[in-house]
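Survey of secondary and tertiary structure
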Amino acid sequence: MTSQIGVTGLAVMGANLARNLARHGHQVVLHNRTQARTDALMAAHGGEGDFVPTTSTEEFVQSLQRPRSILIMVQAGPGTDAVIDELVPLLDEGDIVIDGGNARYQDTQRRTAALAERGLHFVGTGVSGGEEGALNGPSIMPGGSDESYAIVGPMLESIAAVVDGTPCCTHVGTDGAGHFVKMVHNGIEYADMQLIAEAYDLLRHRLGLSPKEIGDVFASWNEGDLDSYLIEITAEVLRHDDAATGKPFVDVVLDQAEQKGTGRWTVQSALDLGVPVSGIAEAVFARALSGHAEQRAAAQKVLPGPQVELDPVEDRDAYIEAVRQALYASKVVAYAQGFDQIAAGAEENGWTVDRGALATIWRGGCIIRARFLDRIRQAFADEPDLTTLLTHDYFRDAVAAAQDGWRRVVTDAARYGIPAPGFASALAYYDGLRAERLPAALIQGLRDFFGAHTYRRVDRDGVFHTLWGDDRREETR
Ligand code: NBP
């Protein structure tokens, strides 16, 4: 299906999405605050399709047929509000404003409500895949009303990545749902990268492999269950040598990971929802720790590590397999936690989010694309109300099979003082989930002791308090 759309914001993402839309036969009306970007796009790629460049917001809006579909691709936050404020007075009832930036989902809820008051549709849309995906097929997560999806959905589906004949674009839910799931997607991406980094670190510092050798290990893992974009590019980055020094590239990069904020938002939201996304949180905190250069420099000088010699690893291949198992099992935990957060967010906000459909559209186009997501899609197809991915037959058996290696690696990391917070916390989560009794009972006792916070009993209904400062009689509250 071909139609017309306006794109405002022609930096790297907007320009590439505009080109992708034009290549799929849609007429694309172009606008950017600074005219030079529109001119540059026309000069370099104007011949690729049916573009209509405009020089002002008024001309942009007037060039679009009603109901208008307008995609905003500007810097998230105040930039998006500034563009909306400029556009809205010029729009007519029924027009659709799509925000493809990395907006906070609460901002999207606010904007949806404000535009609805003026009879306008707002479609907060997650877009993943970076620059390359925007041009050749991203994974697209639109929110908004059914009515607006009926109009813009086919256009967005036409430019999305395609896996097994299915476009990587689905109507996620109303108002902020699209940006919420994009946020969690990014959180999962943080966890994925942290786990990959821990696997690398163990192979390097426990086994003594070179970056190139580890790159080969990752390339071989990419042939199996771990087959994914991130594992594939890990092999590439590890095999790369720095042109200036001839050293492994990974050795000349400053070891301080940066972040733009979606990982932090994911954890903040998870805290509000009470969902333990420990894998994502560890990844966000590990990046934060890496950036604390002063503390690290001070600690390196004085904090002793374990006083043990590195035991030689007798079976190198078995150790590599154990690390693969730790990576795989920890990854299942991180994804399970991310999907739990999506379920909780949907419930809290009144969205109907189909987790299987999300796994389906994350199979291609986006940064976390992986063969593994097809298993997740299947799990939710088998059991749409699955409480946790970890109990689905496939993942239960896969993690059980990986358990020995996972435990060995976490033990080893602790013994030799190699930080592996993602592997270790995922294992603690797994053990916490399956434990028959948790020490939470003691915590309840302490809370009752110091604050009369009460507790429930295993053998009787009701709420109880023990008179700790008195004769320790138990009262019913
Ligand atoms: P940037 O995030 O770098 O934003 C640059 C664009 O925003 C330019 O077109 C700029 O106009 C415009 N802009 C700004 Br800044 N303030 C404005 C304002 N007050 N009024 C009007 N326009 C304004 O561009 P990007 O990297 O292409 O990303 C666009 C969006 O897509 C962002 O929200 C980003 O988070 C999201 N996203 C990015 C990726 C990625 O991989 N980069 C992936 C997925 C989503 P100017 O030319 O006049 O300065």
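Since the structure is predicted, the reported quantities are computational estimates derived from the model, not experimental observations.

For the rest of this paragraph, the subject is the nonpolar core. Within the largest apolar cluster, 90 residues are counted, with the highest numbers of intra-cluster contacts made by Phe218, Trp221 and Trp362. If one sorts the elements of this core by residue count, helix α15 (residues 316-349) sits on top with 16 residues. Formed jointly, this core draws a minimum of three residues from each of two domains, domain 1 (4-171) and domain 2 (182-434). Tryptophan 221 has contacts with Ala199, Leu203, Leu226, Asp227, Ile231, Ile320, Val323, Arg324 and Leu327, leaving out every residue within four places of it along the chain. Counting 26 residues, the second-largest nonpolar core is a separate cluster that includes Ala18, Ala22, Ile98 and Ala134.

Strand order in the open sheet formed by 7 strands is β3-β2-β1-β4-β5-β6-β7, and the pairing between neighbours is mixed. Looking at which strands have only one partner, the edges of the open sheet turn out to be β3 (51-53) and β7 (139-142). Across the sheet, the mean angle from the axis of one strand to that of its neighbour is 25°, orientation sign disregarded. Looking at chain direction, strand β5 (residues 96-99) and strand β6 (residues 121-128) are connected through 4 bridges and run parallel. Of the residues in β6, the one forming a bridge with isoleucine 96 is histidine 121. Packed on one face of the sheet, helix α4 (residues 78-87) meets β1 (4-8), β4 (69-72), β5 and β6 and runs near 155° to β4.

Moving on: the domain arrangement of the protein chain. Here the protein chain is partitioned into domain 1 (4-171), domain 2 (182-434) and domain 3 (439-476). Summarising the inter-unit geometry, the C-alpha centres of domain 1 and domain 3 are found 56 Å apart.

This brings us to helix α17 (residues 372-382). Within the sequence span of α17, burial applies to Phe372, Leu373, Ile376, Ala379 and Phe380. Viewed end-on, α17 has its buried residues packed into an arc of 110°, placing them on one side of the element. Tucked into the core, α17 has its buried residues touching α15, α16 (355-361) and α18 (393-416).

We now examine the packing of α15 against helix α19 (residues 421-434). Where α15 contacts α19, the two axes come as close as 9 Å, and the packing angle between them is 65°. The handedness of the crossing between α15 and α19 is left-handed. Residues Ala326, Leu327, Ser330, Val333, Gln337 and Asp340 of α15 lie in contact with α19, whose contacting residues are Gly422, Phe423, Ala426 and Tyr429. Considered class by class, the residues forming the contact of α15 with α19 number 6 nonpolar, 3 polar and 1 charged.

Near the ligand, the surroundings consist of 20 residues, among which Met13, Asn32, Thr34, Arg37 and Val74 are the closest. One of the side-chain nitrogen or oxygen atoms of threonine 34 is found 2.4 Å away from an oxygen atom of the ligand. At 2.9 Å, a backbone N or O of valine 74 approaches an oxygen atom of the ligand. Within the complex, the protein chains bury 76% of what would otherwise be the 910 Å² of accessible surface of the ligand. Elements with a minimum of two residues in the shell around the ligand: α1 (12-23) and α4. Counting residues per element, the shell around the ligand draws most heavily on α4, at 3 residues.

Take empty space enclosed by the protein next. According to the stated counting rule, one finds 2 cavities of 30 Å³ or more in the structure shown. Approximately 50 Å³ is the volume attributed to the largest cavity. If you trace the largest cavity, you find it lined by Leu17, Leu71, Ile98, Gly100, Thr125, Val127, Ile140, Leu156 and Ile159. Only β6 and α7 (146-159) provide two or more residues apiece to the lining of the largest cavity.

With that settled, the discussion passes to unusual backbone geometry. Of note, the amide linkage connecting arginine 66 to proline 67 takes the cis form, showing an omega dihedral of -10°. You can see proline 67 is positioned in the loop between α3 (57-62) and β4. We note that aspartate 175 has phi near 25°; this positive angle belongs to a residue other than glycine. Along the chain, aspartate 175 falls in the loop between β9 (166-167) and α8 (177-205). With a phi close to 50°, alanine 452 is a non-glycine residue in the positive phi region. Residue classification places alanine 452 among the partly exposed positions, given a relative accessible area of 34%.

Let us look at the pattern of salt bridges. Side chains that differ in sign of charge can pair as their charged atoms come close. Scanning the model with the defined rule gives 30 salt bridges in all. Where aspartate 164 meets arginine 363, a salt bridge forms, and the shortest distance between an N and an O atom there is 3.4 Å. Taken together, the residues aspartate 164 in the loop between β8 (162-163) and β9 and arginine 363 in the loop between α16 and α17 connect sequence positions 199 residues apart.

Conventions and cut-offs
- Residues numbered from 1 in each chain as written.
- Predicted model: local features only at pLDDT ≥ 70, side-chain atom pairs only at ≥ 80, totals over all residues.
- Heavy atoms only, no water.
- Core = buried A, V, L, I, M, F, W, Y, C linked by side-chain atoms within 4.5 Å.
- Buried < 20%, exposed > 50% of the residue type's maximum accessible area, 1.4 Å probe, protein only.
- Helix = DSSP H or I, 4+ residues; strand = E, 2+ residues; numbered from the N terminus.
- Domains from an automatic or database assignment.
- Contact = heavy atoms within 4.5 Å.
- Pairing = 2+ DSSP bridges.
- Axes fitted to C-alpha atoms, helices over the stretch in contact; angles between N-to-C directions.
- Arc of directions from axis to C-beta.
- Left-handed = near helix turned anticlockwise from the far one by under 90°.
- Nonpolar A, V, L, I, M, F, W, Y, C, P; charged D, E, K, R; others polar.
- Near = heavy atom within 4 Å.
- Polar contact = N/O pair within 3.5 Å; in protein donor to acceptor, adjacent residues only side chain to side chain.
- Areas by Shrake-Rupley, 256 points an atom, 1.4 Å probe, with all protein chains shown as cover.
- 1 Å grid on protein atoms, 1.4 Å probe; cavity = no way out; pocket = protein on both sides within 12 Å on 5 of 7 lines; lining within 4 Å.
- Points joined across faces, edges and corners; volume = space filled by probe spheres on them.
- Salt bridge = Lys/Arg side-chain N within 4 Å of Asp/Glu carboxyl O.

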